[in-house]
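Given next are the chains, with one letter for each unit.
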Protein chains: 2
Amino acid sequence: MPDYDARIASLREAMAEQDVAVLFLPVSSTLEYFTGISWPIPNPTEHDRPGDWVSGMYLGLDAGPVIVEPQMGSAAMVAQVADKPGISDLHVLTELDDYGTVLAGYVQSMRGTGGGKLALAEHAWAKTTIAALCAAPDAEIINAHDLIWPLRMIKDDEEQALMRAAAQLVDEAYEPILAQLQLGMTTGDIARMVDDTLAEFGADWTSFHTGIYMGGKPDPGAASVFEATDRVLERGGSVAFDFGALLDGYCSDFGRTVFIGEPSDERRQVYELVMASQQAAIERMVDGQITAAQLDDVARSIIADAGYGEQFIHRLGHSIGKDVHEPPFLLEADQTVLRTGMCFTIEPSVVLDDGGFIRVEDVVMVGPDGGVNFNSTSHELRVLDL
Amino acid sequence: MPDYDARIASLREAMAEQDVAVLFLPVSSTLEYFTGISWPIPNPTEHDRPGDWVSGMYLGLDAGPVIVEPQMGSAAMVAQVADKPGISDLHVLTELDDYGTVLAGYVQSMRGTGGGKLALAEHAWAKTTIAALCAAPDAEIINAHDLIWPLRMIKDDEEQALMRAAAQLVDEAYEPILAQLQLGMTTGDIARMVDDTLAEFGADWTSFHTGIYMGGKPDPGAASVFEATDRVLERGGSVAFDFGALLDGYCSDFGRTVFIGEPSDERRQVYELVMASQQAAIERMVDGQITAAQLDDVARSIIADAGYGEQFIHRLGHSIGKDVHEPPFLLEADQTVLRTGMCFTIEPSVVLDDGGFIRVEDVVMVGPDGGVNFNSTSHELRVLDL
């Protein structure tokens with residue numbers, strides 16, 4: 001069990017340093033990190049409950065944390081808060097409450113007369129942000145990124161174990177997934193098969209929508225290699241997988257490319273190039289020795305030097321933890337210095353002129369002597385004879 | 001094809017009336033309503049792309065609409081915008097752009113020197129809202145609810161046809177779903193079977209997470225009737241279904257209760273009571289003749305008069321359209337007058353002392369002579385002999 005009291009104490013320390021008097025976090029992965037209160041998987045369409053826009057955690061320097069929760073569906077929150085002594089109060093809204101008044105009450109009482117800033121999680125809603133402004137019109141209002149992420153981005157031992165378990169799940173599911181491939185399957189068929197297999201292996205959910213990219217015969221009508229969702233698996237093609245599991249509140253994110261029948265010489269060469277690019281990056285993931293931007297450049301230079309730089313069309317990777325995409329990001333604009341305990345996807349790729357897409361992806365932790373790969377699936381080129 | 005130009009013109013008219021100079025909408029169901037640009041189904045965990053927080057539509061009274069879109073994954077947006085002449089510009093961000101500067105540029109140039117308000121969709125992010133404030137510190141900033149919902153809440157003929165089609169899909173899937181029930185299935189088994197069946201019948205997605213509530217033998221450890229997810233289907237029990245389909249950008253939301261073996265006399269009586277409550281509400285859904293709060297009271301009074309008022313624990317229903325939960329809401333606090341073309345779920349229920357949960361739900365449109373039920377599944381009490 002994580003030490004939530006210590007996490008809240010660290011959060012308050014950061015608030016005090018940045019002159020923040022009141023912090024609001026909606027129910028989210030960030031709230032789970034600080035309190036253990038789980039977040040719901042988003043519904044496919046908006047599914048607001050009366051009062052959702054003021055629900056979440058209110059934290060003052062010396063007050064709270066108070067959890068505000070709509071009545072509808074509150075039984076689960078009541079049960080969760082019951083075993084969390086660090087929560088000072090649970091306020092269950094009724095459908096008749098004036099929700100703006102509830103929000104203003106906590107903002108004003110926690111802020112007092114000290115004049116400190118208000119901070120909201122960056123994904124809190126505009127409606128909530130505007131109401132907070134109205135409740136304390138003299139307050140500077142900031143997004144809470146710099147309070148939250150210096151803490152969340154370093155995974156402690158317990159989190160590392162959970163990240164390894166989420167990575168191991170996809171490693172274990174991968175061979176059974178390959179064994180179910182059949183000629184004629186569509187990208188949708190394969191994606192559903194992947195999702196079902198992850199569920200069989202114990203995933204609580206996928207960590208993101210499964211991506212299945214089939215190269216081979218480019219579709220002139222497709223806007224990009226990623227668009228051709230009605231392609232079918234055929235000989236001479238390839239499949240690039242991109243999937244991950246959510247397990248016990250932590251994500252994996254995994255990629256491999258397999259060839260259906262012998263690949264061309266160029267595809268073999270590019271496959272080895274992509275693997276070499278990834279390996280070079282992993283070796284450089286040494287605590288304190290490199291920035292996110294520099295790491296991106298290490299991998300990108302290798303692909304560029306071989307003449308495929310324009311065909312590596314996305315960032316090298318992203319941090320990962322409770323969310324599949326977390327800051328920092330491995331791209332030219334991010335100057336974060338990498339530290340032990342940061343976990344990243346390392347996912348170089350090349351889009352070939354013939355429509356093929358070759359990529360690899362593992363979750364790798366920064367360590368004192370270089371990156372520690374949480375995945376164990378082989379990087380050897382794989383030809384399937386279907 | 002909806003007349004998106006007319007919808008944007010109506011939006012600008014509302015902006016002018018409310019002295020709003022610039023409106024920002026993130027990629028969302030609301031953006032789809034006004035432009036036809038589809039929104040992505042949310043990922044299970046945060047899946048931000050670089051620049052996501054400034055992406056969406058910027059609309060001035062005489063400028064735009066401009067769509068801003070992150071580079072990563074932009075091919076789909078490029079293809080969508082290509083056939084939308086109403087979009088004045090598509091701005092694809094790079095990973096090196098200063099996103100705050102991009103946002104400020106559109107806010108400032110569209111606002112000019114006229115001093116009008118800024119409006120953001122209520123679900124836009126705090127980070128975006130704060131950046132908009134910084135870009136125009138003298139501007140009043142408001143949430144765009146009152147610009148958007150007077151338009152969205154009245155479904156036109158084309159939308160009504162799409163709502164009927166989404167409702168018909170669940171009607172058609174319901175008998176095949178009942179035919180697949182077997183003793184010993186868990187709530188999770190049944191929910192997955194429902195989702196698979198909706199997909200077979202052509203749903204693009206579920207409109208929300210399928211709910212399966214089994215009454216019968218209350219689980220003393222469960223916090224409520226909704227919590228008992230490890231229950232199994234058994235004789236003497238009941239199943240209350242709550243599911244919906246997303247089809248061509250519109251939602252259905254449907255509920256029925258079936259009994260596994262003969263129900264008790266009380267259950268029979270309560271079943272008829274819930275149906276009578278729904279029917280009374282539907283009859284009162286006359287254009288201009290009743291408010292949301294009054295309609296809630298019509299249904300609630302019938303249940304309360306029979307002695308079960310405390311066991312009808314949620315609002316009578318909610319508006320529904322592109323989103324499963326839209327304003328207005330059928331509850332005591334909502335004074336909206338109902339108008340022809342508004343579509344609502346009508347979903348009274350009773351939680352019984354023995355743990356049973358009896359409910360019904362249909363999508364019903366307000367009409368000149370009373371409600372028009374878009375669902376056609378029978379309300380007769382149904383006993384399954386498994």
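Since the model is a prediction, treat every value here as computed from it, not as a measurement.

## Points about the relation of the copies chain A and chain B
Then, number 1: Placing chain A over chain B gives an RMSD of 0.0 Å and needs a rotation angle of 180 degrees, together with 0.0 Å of translation along the axis. Put plainly, the chains are arranged around a two-fold axis.
Then, number 2: Both copies present the same face, since 98% of the interface residues in chain A are matched by interface residues at the equivalent positions in chain B.

## So, the domain arrangement of chain A
Residue and element names in this part refer to chain A.
Then, number 1: Taken domain by domain, chain A consists of domain 1 (4-152) and domain 2 (157-384).
Then, number 2: Centre-to-centre separation of domain 1 and domain 2, based on C-alpha positions: 35 Å.
Then, number 3: The interface is formed by nine residues belonging to domain 1 together with nine residues belonging to domain 2.
Then, number 4: Summed over both partners, the interface of domain 1 with domain 2 comes to about 810 Å²; 60% of that surface belongs to carbon and sulfur atoms.
Then, number 5: The tally of links between domain 1 and domain 2 comes to three salt bridges.
Then, number 6: Among the ionic pairs, E326 bridges to R152, the shortest N-O distance being 3.0 Å.
Then, number 7: Viewed at the interface, domain 2 and domain 1 are joined by four residue pairs in polar contact (both at pLDDT 80 or more).
Then, number 8: The residue makeup of the side of domain 1 that touches domain 2, split by class, is four nonpolar, two polar and three charged.

## Looking at unusual backbone geometry
Residue and element names in this part refer to chain A.
Then, number 1: P328 follows P327 through a cis peptide bond whose omega is 0 degrees.
Then, number 2: Here P328 lies in strand 14 (residues 326-330).
Then, number 3: Its identity as a non-glycine residue notwithstanding, D19 has a phi of 60 degrees, on the positive side.
Then, number 4: Taking the relative accessible area as the measure of exposure, D19 reaches 47% and is therefore partly exposed.
Then, number 5: Within the chain, D248 stands out as a residue other than glycine whose phi angle is a positive 50 degrees.
Then, number 6: Topologically, D248 is positioned in the loop between strand 10 (245-247) and strand 11 (250-251).

## Notes on the side chain of A:K84
All names here are of chain A.
Then, number 1: Here K84 shows up in the loop between helix 3 (74-82) and strand 4 (89-92).
Then, number 2: Look at K84 and you get buried, because its relative accessible area is 15%.
Then, number 3: Of note is the side chain of K84, whose polar atom sits 3.0 Å from the side chain of D83.
Then, number 4: When near neighbours in sequence (up to four residues on either side) are disregarded, K84 contacts T35, G36 and I37.

## A few points about the interface of chain A and chain B
Then, number 1: Each partner contributes to the interface: chain A provides 50 residues, whereas chain B provides 49 residues.
Then, number 2: Summing both partners gives a buried area of about 4,400 Å² for chain A against chain B, and 63% of it is carried by carbon and sulfur.
Then, number 3: It is A:P44, A:H123 and A:H209 that lose the most area in chain A upon contact with chain B, and together they represent 15% of the buried surface on that side.
Then, number 4: At the surface where chain A touches chain B, the tally comes to two salt bridges.

## Let's talk about the pairing of strand 18 (residues 362-365) of chain A
Residues and elements named next belong to chain A.
Then, number 1: Residues of strand 18 alternate between two faces, with D362 and V364 on one and V363 and M365 on the opposite face, all of them buried.
Then, number 2: Two strands pair when backbone bridges link them, and strand 15 (residues 343-346) and strand 18 are joined in this way by four bridges, in the antiparallel orientation. When the sheet's bridge partners are listed, T345 is paired in strand 18 with V363.
Then, number 3: By the bridge criterion, two bridges tie strand 18 to strand 19 (residues 372-373) in an arrangement that is antiparallel. In the sheet register, M365 faces strand 19, and the bridge partner there is V372.
Then, number 4: The hairpin formed by strand 18 and strand 19 contains six residues between the paired strands, and G370 there has a positive phi angle of roughly 120 degrees.

## Describing the packing of aromatic side chains
Then, number 1: Summed over all chains, the structure comprises 18 aromatic pairs over all chains.
Then, number 2: Taking 5.2 Å as the distance between ring centres and 70 degrees as the angle between the ring planes, the aromatic pair formed by A:Y174 and A:F254 counts as edge-to-face. Here A:Y174, found in helix 7 (residues 157-179), pairs with A:F254, found in strand 12 (residues 254-260); they are 80 residues apart in sequence, far enough to count as distant. One exposure class covers both A:Y174 and A:F254, and it is buried.
Then, number 3: Taking 5.4 Å as the distance between ring centres and 50 degrees as the angle between the ring planes, the aromatic pair formed by B:F243 and B:F254 counts as tilted. Of this pair, B:F243 sits in strand 9 (residues 238-243) while B:F254 is found in strand 12 (residues 254-260), placing the two residues eleven residues apart along the sequence.

## Things to note about the pattern of salt bridges
Residues and elements named next belong to chain A.
Then, number 1: With the rule as written, the count across this model stands at 36 salt bridges over all chains.
Then, number 2: The shortest N-O distance in the salt bridge between R359 and E361 comes to 3.0 Å. In this structure, R359 and E361 share a single accessibility class: buried.
Then, number 3: In the salt-bridge network here, residues are joined through shared partners; they are R152, K155, D323 and E326.

Quick notes on the rules
Residues numbered from 1 in each chain as written. Chains lettered and ligands numbered in written order. Predicted model: local features only at pLDDT ≥ 70, side-chain atom pairs only at ≥ 80, totals over all residues. Heavy atoms only, no water. Least-squares fit on C-alpha atoms with pLDDT ≥ 70 in both. Contact = heavy atoms within 4.5 Å. Domains from an automatic or database assignment. Buried area = accessible area lost by both parts, 1.4 Å probe. Salt bridge = Lys/Arg side-chain N within 4 Å of Asp/Glu carboxyl O. Polar contact = N/O pair within 3.5 Å; in protein donor to acceptor, adjacent residues only side chain to side chain. Nonpolar A, V, L, I, M, F, W, Y, C, P; charged D, E, K, R; others polar. Helix = DSSP H or I, 4+ residues; strand = E, 2+ residues; numbered from the N terminus. Buried < 20%, exposed > 50% of the residue type's maximum accessible area, 1.4 Å probe, protein only. Pairing = 2+ DSSP bridges. Phe/Tyr/Trp six-rings, centres within 6.5 Å; stacked < 30°, edge-to-face > 60°.

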